[in-house]
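Here is what each chain is made of, one letter per residue.
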Amino acid sequence: MHNKLSALLKRAGMALTGQQQDLLIRYVEMLDKWNKAYNLTSVRDPRQMLIRHIMDSIVISPWLQGRRFIDVGTGPGLPGIPLAIVRPDAEFTLLDSLGKRVRFLRQVQHELGLTNIVPVQSRVEAFPAEPPFDGVISRAFASLQDMINWCIALPARPDGCFYAMKGQIDPQELASLPAGVTLDRVIPLAVPELEGERHLVVIKRN
């Protein structure tokens, strides 16, 4: 696993400390263990988790601006936990409505000693944006319109951004964003050994 992760990081042009790599692998091991009972992800092979969960999450790290982020619909902590490991200077609130997922997140927080994550069980529309966030991250929303409509109050800072992780880009979806926001840019992402397109859509409030 260490060799596999090192090779993937090298191909992505990313440099992490040995401790950060250890934490990422321990997280995958916990995800694999809990997945057998809690069905947290459809990915069953830990080596595939390195590609489809870890690398797919951390490639957006260079594009995040600010220190306080909220990962909406985080599920088993994706992309929030891998990002928290590679960005120890930032704080990540991990929001999910399902109790079993939040229990897993709290166990990860405890076992890995992650002091910069805050697992929260709540629906997004009921969660207060206090103190304000620099950015809202989502990997799981079906549409940009839903993400914006449900999360519009979360990046309370005037320059706060929405970061939507997407596969293929639908030009019609980009053209029909709700009022009050503007498309900032679409960033193509290169995830080693991952089939299909990946993009980061950055949206700003007007």
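Whatever comes next refers back to the structure up there.
Notes on the structure in this doc start here. (Residues numbered from 1 in each chain as written. Predicted model: local features only at pLDDT ≥ 70, side-chain atom pairs only at ≥ 80, totals over all residues. Heavy atoms only, no water.)

A look at the environment of Glu-173
Link 1 in the chain: Among the secondary structure elements, Glu-173 is positioned in helix 7 (residues 171-175).
Link 2 in the chain: For Glu-173, a relative accessible area of 17% puts it in the buried group.
Link 3 in the chain: The sequence separation of Glu-173 and Val-136 amounts to 37 residues, and the corresponding C-alpha distance is 18 Å.
Link 4 in the chain: In contact with Glu-173, not counting residues within four places along its chain, are Ala-142, Ser-143, Leu-144 and Lys-166.
Link 5 in the chain: Among the polar contacts made by the side chain of Glu-173, one reaches the side chain of Lys-166 at a distance of 3.3 Å. (Helix = DSSP H or I, 4+ residues; strand = E, 2+ residues; numbered from the N terminus. Buried < 20%, exposed > 50% of the residue type's maximum accessible area, 1.4 Å probe, protein only. Contact = heavy atoms within 4.5 Å. Polar contact = N/O pair within 3.5 Å; in protein donor to acceptor, adjacent residues only side chain to side chain.)

Concerning the side chain of His-53
Link 1 in the chain: As for its position among the elements, His-53 is in helix 3 (residues 46-58).
Link 2 in the chain: Here His-53 is in contact with Leu-31, Thr-41, Val-43, Gln-48, Leu-78, Pro-82 and Arg-139, once residues within four sequence places are set aside.

So, the nonpolar core
Link 1 in the chain: Residues Tyr-27, Ile-60, Ile-81, Phe-92, Phe-104 and Ile-137 are the most contacted members of the largest nonpolar core, which totals 49 residues.
Link 2 in the chain: Residue contributions to this core peak at eight residues, all from helix 2 (residues 18-38).
Link 3 in the chain: Beyond its immediate chain neighbours, meaning those up to four positions away, Ile-137 contacts Ile-60, Leu-64, Phe-69, Ile-70, Asp-71, Val-72, Pro-79, Leu-83, Phe-92, Met-147, Tyr-163 and Met-165.
Link 4 in the chain: Judged by nonpolar contacts, the second largest core, of 22 residues, contains Leu-95, Val-136, Ile-148 and Ala-164. (Core = buried A, V, L, I, M, F, W, Y, C linked by side-chain atoms within 4.5 Å.)

Brief notes about the packing of aromatic side chains
Link 1 in the chain: Across all of its chains, the model carries six aromatic pairs by this definition.
Link 2 in the chain: Both rings, one in Phe-69 and one in Phe-92, keep their centres 5.4 Å apart while their planes meet at 20°; by these two values the pair is stacked. Taken as a pair, Phe-69 in strand 1 (residues 68-72) and Phe-92 in strand 2 (residues 91-96) lie far apart in primary sequence, 23 residues in all. Phe-92 matches Phe-69 in its accessibility class, with the two residues each being buried.
Link 3 in the chain: Ring centres of Phe-127 and Phe-133 lie 6.5 Å apart, and the angle between their planes is 35°; this geometry places the pair in the tilted category.
Link 4 in the chain: Take Phe-133: its relative accessible area is 1%, and that puts it in the buried class. (Phe/Tyr/Trp six-rings, centres within 6.5 Å; stacked < 30°, edge-to-face > 60°.)

What to know about the sheet that holds strand 7 (residues 198-205)
Sheet strands pair via backbone hydrogen bonds, and the direction of the pair is either parallel or antiparallel.
Link 1 in the chain: With respect to topology, seven strands assemble into an open sheet ordered 3-2-1-4-5-7-6, the strand pairing being mixed. Each edge of the sheet is formed by a strand with only one pairing partner; in this case those strands are strand 3 (117-121) and strand 6 (181-189). Across the sheet, the axes of successive neighbouring strands diverge by a mean angle of 20°, strand direction being ignored.
Link 2 in the chain: This element, helix 6 (residues 144-151), spans strand 1, strand 4 (135-138), strand 5 (161-166), strand 6 and strand 7 of the sheet and lies at about 150° to strand 5. (Pairing = 2+ DSSP bridges. Axes fitted to C-alpha atoms, helices over the stretch in contact; angles between N-to-C directions.)

Focus: the pattern of salt bridges
Link 1 in the chain: Summed over all chains, the structure comprises 11 salt bridges.
Link 2 in the chain: Of the charged contacts, one joins Lys-36 and Asp-32 as a salt bridge, the two residues approaching to 3.3 Å between their closest N and O atoms. Taken together, the residues span about one helical turn, with Lys-36 and Asp-32 both in helix 2 at a distance of four residues.
Link 3 in the chain: The salt bridge partner of Asp-89 is Arg-87, with a shortest N-O separation of 3.2 Å.
Link 4 in the chain: Through salt bridges that share partners, Lys-4, Arg-11 and Glu-193 make up one connected network. (Salt bridge = Lys/Arg side-chain N within 4 Å of Asp/Glu carboxyl O.)

Remarks on the packing of helix 1 (residues 2-12) against helix 3
Link 1 in the chain: Following both chains from N to C, one finds helix 1 and helix 3 inclined at 35°, their axes separated by 11 Å at the closest point. By crossing handedness, the relation of helix 1 to helix 3 is classed as right-handed. The residues of helix 3 that touch helix 1, namely those facing Lys-4, Leu-5, Leu-8, Leu-9 and Ala-12, are Arg-47, Leu-50, Ile-51, Ile-54, Met-55 and Ile-58.
Link 2 in the chain: Counted by class, the contact of helix 1 with helix 3 contains nine nonpolar, no polar and two charged residues. (Left-handed = near helix turned anticlockwise from the far one by under 90°. Nonpolar A, V, L, I, M, F, W, Y, C, P; charged D, E, K, R; others polar.)

With respect to the packing of helix 2 against helix 3
The description of two helices packed together rests on the angle between their axes and the distance between the axes.
Link 1 in the chain: Axis separation between helix 2 and helix 3 bottoms out at 10 Å; the angle between their running directions is 115°. Relative to helix 3, the element helix 2 is oriented roughly perpendicular. For the pair helix 2 and helix 3, the sense of crossing is right-handed. Residues Leu-24, Tyr-27, Val-28, Leu-31, Asp-32 and Asn-35 of helix 2 form the contact with helix 3, whose own contacting residues are Pro-46, Met-49, Leu-50, His-53 and Ile-54.
Link 2 in the chain: Broken down by class, the residue content of the contact of helix 2 with helix 3 amounts to eight nonpolar, two polar and one charged. (Parallel < 35°, antiparallel > 145°, perpendicular 65-115°, else oblique.)

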